[in-house]
Amino acid sequence: MRTYLKCCFMFLSMGWLAVSCQQDTTVTKPVLEKPSLKNSFKKDFLMGAAVNDGHINGTDTSSLKIIEREFNTITPENIMKWMYLHPQPDSFYFDMADKYVALGKKHDMHIVGHTLLWHSQIAPWMDEIKDPVEMAKQIENHINTIAGRYKGKIHTWDVLNEALNEDGSYRTSNFYNVMGESYIELAFRLAAAADPDAKLVYNDYNLWKPEKREGVIRLVKNLQSKGIKIDGIGMQAHYSLVGPEISDIENSIIAYAKLGMEVSMTELDVTALPNPWDLDGAAVKQNYEEYEGDPVMNPYPNGFPDSMQVKMADRYEDLFQLYLKYEKNIDRITFWGVSNGQSWLNGWPIKGRTNYPLFFNRKNKPQVAYERVMQLKEKKSKLEEAGK
């Protein structure tokens, strides 16, 4: 009996050993990443979108799925602008900003703060200040409070937004009229002191224009000559199907990179509609009521024709070919919105239009432009792999 039990035990032990050895030799296949903008371009630059209240509050669940799947950086479209965050001298409202930061942290995203100083969408009481000492005091309070609160949580700050005219001269905002260009130096000094590890950016539209480009160069060199930290230039990239020329954008990327600046495309969209020009860039104060309801200015109210989808795809492919060419100089690409139905371009510069400027349509499905850009990156990756 003992011999029988011993033999059974040896047989079972050998069987267990065989199974164990077989399991140990099993090869685990690597988990393949699902195709997405953030995964496809992860070796090149960050890919992001501007988020609105519905995204931040979690009510727009369909768009949130796109944000989570496609992007690894976010920018707040409006909620961190002065008029919302700091409406009265002694009143700050952080509820939405806190939720915004929590959203980015939840999904391990690069979080951008937009914007610390901007002449537009500012609290009206700030425009009433005419004393430079008082102005400096309020700027200091604003930046120290906000950048200090999010120290280590917000990774990049748009410190200053749209401080230049189209000819490269300083915009005569109330900031400038009261303090001169010293308000720019103050803003960057304060931001650097409040969070030394955050990237600090100057952000503006039409930075492809040679005259405005020279203004940016002067601004950066002035800060650098005084030892004031500035890390990058945000080219807003509000473009159309026909302009600006790729060469103009390229020349600006080169010029800013020569200054040691990281370059970002911070508010990328491509309008599909005609504009009542002469209209420049993205100055939000511009509006043209006389064109409202004009079918010539709103040619696609019921859908985006296939022929126009192709033109949009061509434009985005040209842009991303350029961005990939300078991927070592580009930090991030951020679309100004998630889907076409939420784009600010439906209401600017003419209200009540139907525009198609982004990668995702009104049903949150990818447009042809999305597919084309993904194919461009796939093709480039295959060529690089073949060249190794």
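Here, every reference points to the structure presented above.
Residues numbered from 1 in each chain as written. Predicted model: local features only at pLDDT ≥ 70, side-chain atom pairs only at ≥ 80, totals over all residues. Heavy atoms only, no water.

**Q** Looking at this model, I keep getting lost on empty space enclosed by the protein. Mind explaining?
**A** Here the idea is plain: a probe the size of a water molecule rolls over the atoms and shows the empty space left. Summed over the entire model, instances satisfying the criterion amount to four cavities of 30 Å³ or more. For the largest cavity, the calculated volume is near 60 Å³. Taken together, Thr156, Lys199, Val201, Asp231, Gly232, Ile233, Gly234, Glu262, Ser264, Asp331 and Arg332 form the lining of the largest cavity. Among the elements that line the lining of the largest cavity, the one with the most residues is strand β6 (residues 232-235), at three residues. For the lining of the largest cavity, the residue count by class is two nonpolar, four polar and five charged. Roughly 40 Å³ of internal volume is contained in the second largest cavity. (1 Å grid on protein atoms, 1.4 Å probe; cavity = no way out; pocket = protein on both sides within 12 Å on 5 of 7 lines; lining within 4 Å. Points joined across faces, edges and corners; volume = space filled by probe spheres on them. Helix = DSSP H or I, 4+ residues; strand = E, 2+ residues; numbered from the N terminus. Nonpolar A, V, L, I, M, F, W, Y, C, P; charged D, E, K, R; others polar.)

**Q** In this structure, what is going on with the packing of helix α12 (residues 246-258) against helix α13 (residues 306-325)? I would like to understand it.
**A** Axis angle and axis distance: for two packed helices, these are the angle between their axes and the distance between the axes, and together they describe the pair. Running from N to C, α12 and α13 cross one another at 25°; their axes reach a closest spacing of 11 Å. Comparing their axes, α13 and α12 come out roughly parallel. In the crossing of α12 with α13, the sense of the turn from one axis to the other is right-handed. Between α12 and α13, the contacting residues are Ile246, Ile249, Glu250 and Ile253 on the first element and Arg315, Asp318, Leu319, Leu322 and Lys325 on the second. The residue inventory of the contact of α12 with α13, partitioned by class, reads five nonpolar, no polar and four charged. (Axes fitted to C-alpha atoms, helices over the stretch in contact; angles between N-to-C directions. Parallel < 35°, antiparallel > 145°, perpendicular 65-115°, else oblique. Left-handed = near helix turned anticlockwise from the far one by under 90°. Contact = heavy atoms within 4.5 Å.)

**Q** Sorry if this is basic, but what is going on with the packing of aromatic side chains here?
**A** Each aromatic ring pair is specified by the distance between its two centres and by the angle formed by the two planes. Within this structure, the stated rule accounts for 21 aromatic pairs. For the ring pair Phe41 and Phe45, a centre distance of 5.6 Å and an interplane angle of 15° mean the geometry is stacked. The exposure class of Phe41 is buried, given its relative accessible area of 0%. With centroids separated by 6.0 Å and ring planes inclined at 90°, the aromatic side chains of Phe359 and Tyr370 adopt a geometry described as edge-to-face. Linking Phe359 in the loop between β9 (330-335) and α14 (368-386) with Tyr370 in helix α14, this pair joins segments that are 11 residues apart in sequence. Using a relative accessible area of 2% as the deciding quantity, one classes Phe359 as buried. By relative accessible area, Tyr370 is classed as buried at 7%. Grouped by ring-pair contacts, the aromatic residues Phe41, Phe45, Phe71, Tyr316, Phe320, Tyr323, Phe335, Phe359, Phe360 and Tyr370 constitute a single cluster. If you follow Arg149 out to its NZ or CZ, it ends over the ring of Phe94, 4.1 Å from the centre. In this structure, Lys212 is placed above the aromatic ring of Tyr205, and the distance from its NZ or CZ to the ring centre is 3.9 Å. (Phe/Tyr/Trp six-rings, centres within 6.5 Å; stacked < 30°, edge-to-face > 60°. Buried < 20%, exposed > 50% of the residue type's maximum accessible area, 1.4 Å probe, protein only. Lys NZ or Arg CZ within 6 Å of the ring centre and 35° of its normal.)

**Q** Help me understand helix α11 (residues 210-225), please; the structure alone is not making it clear to me.
**A** Residue pairs spaced three or four apart in an α-helix point in one direction, given the helix's 3.6 residues per turn. Taking 1.5 Å as the rise per residue, α11 with 16 residues should run 22 Å; its terminal C-alpha atoms sit 22 Å apart, in good agreement. Next to the buried residues of α11 lie α10 (182-194), β5 (199-204), β6 and α12. Gly227 occupies a position one or two residues after α11 and carries a positive phi of about 70°. (Expected span 1.5 Å × (residues − 1).)

**Q** Is there a simple way to explain the environment of Met83 in this structure?
**A** Among the secondary structure elements, Met83 is positioned in helix α5 (residues 82-85). For the pair Met83 and Gln121, spaced 38 residues apart in the sequence, the C-alpha separation amounts to 5.6 Å. What Met83 contacts, discounting residues up to four positions off in sequence, is Gln121, Ile122 and Ala123.

**Q** Can you walk me through the pairing of β6 in this structure?
**A** Residues in a regular strand point their side chains to alternate faces of the sheet. Here β6 shows a buried face lined by Gly232 and Gly234 and a second buried face lined by Ile233 and Met235. In this sheet, β6 lies alongside β5 in parallel orientation, the contact comprising four bridges. Opposite Val201, over in β6, you have Gly232 as the bridge partner. Sheet topology note: the β6/strand β8 (residues 262-271) ladder contains four bridges and is parallel. Pairing of Gly232 across the sheet is with Glu262, part of β8. (Pairing = 2+ DSSP bridges.)

**Q** Which parts of the structure should I look at to understand the packing of α11 against α12?
**A** Put simply, α11 and α12 touch, their axes get as near as 11 Å, and they point 10° apart. Regarding the angle of α11 to α12, the classification is roughly parallel. Contacts between α11 and α12 pair Arg213, Val216 and Ile217 from the former with Asp248, Asn251, Ser252, Ala255 and Tyr256 from the latter. Across the contact of α11 with α12, the residue classes break down as four nonpolar, two polar and two charged.

**Q** So what exactly am I meant to see when it comes to the side chain of Thr266 here?
**A** Checked against the element boundaries, Thr266 lands in strand β8. Not counting residues up to four positions away in its chain, the partners in contact with Thr266 are Asn203, Gly234, Met235, Gln236, Arg332, Thr334 and Trp336.

**Q** Which parts of the structure should I look at to understand the nonpolar core?
**A** Generally speaking, nonpolar side chains in soluble globular proteins are found buried as a group. The biggest cluster of nonpolar side chains holds 108 residues, and the ones touching the most others in it are Trp157, Tyr316, Phe320 and Tyr323. With nine residues, α13 is the largest single contributor of residues to this core. Ignoring sequence-local partners within four residues, the contact set of Tyr316 consists of Leu268, Asp269, Val270, Phe335, Pro357, Leu358, Phe359, Ala369 and Val373. One finds Ala50, Trp336, Trp344 and Leu345 within the second-largest nonpolar core, a separate group that totals five residues. (Core = buried A, V, L, I, M, F, W, Y, C linked by side-chain atoms within 4.5 Å.)

**Q** Would you mind showing me how to read the pattern of salt bridges here?
**A** Oppositely charged side chains are able to pair whenever their charged atoms sit close together. Enumeration over the complete set of coordinates arrives at 17 salt bridges. Here Arg149 and Asp98 are joined by a salt bridge, their closest N and O atoms 2.8 Å apart. Within this pair, whereas Arg149 is found in helix α8 (residues 132-149), its partner Asp98 is found in helix α6 (residues 95-106), the two being separated by 51 residues in sequence. Of the charged contacts in the structure, one is a salt bridge between Glu378 and Lys382, with a shortest N-O distance of 3.5 Å. (Salt bridge = Lys/Arg side-chain N within 4 Å of Asp/Glu carboxyl O.)

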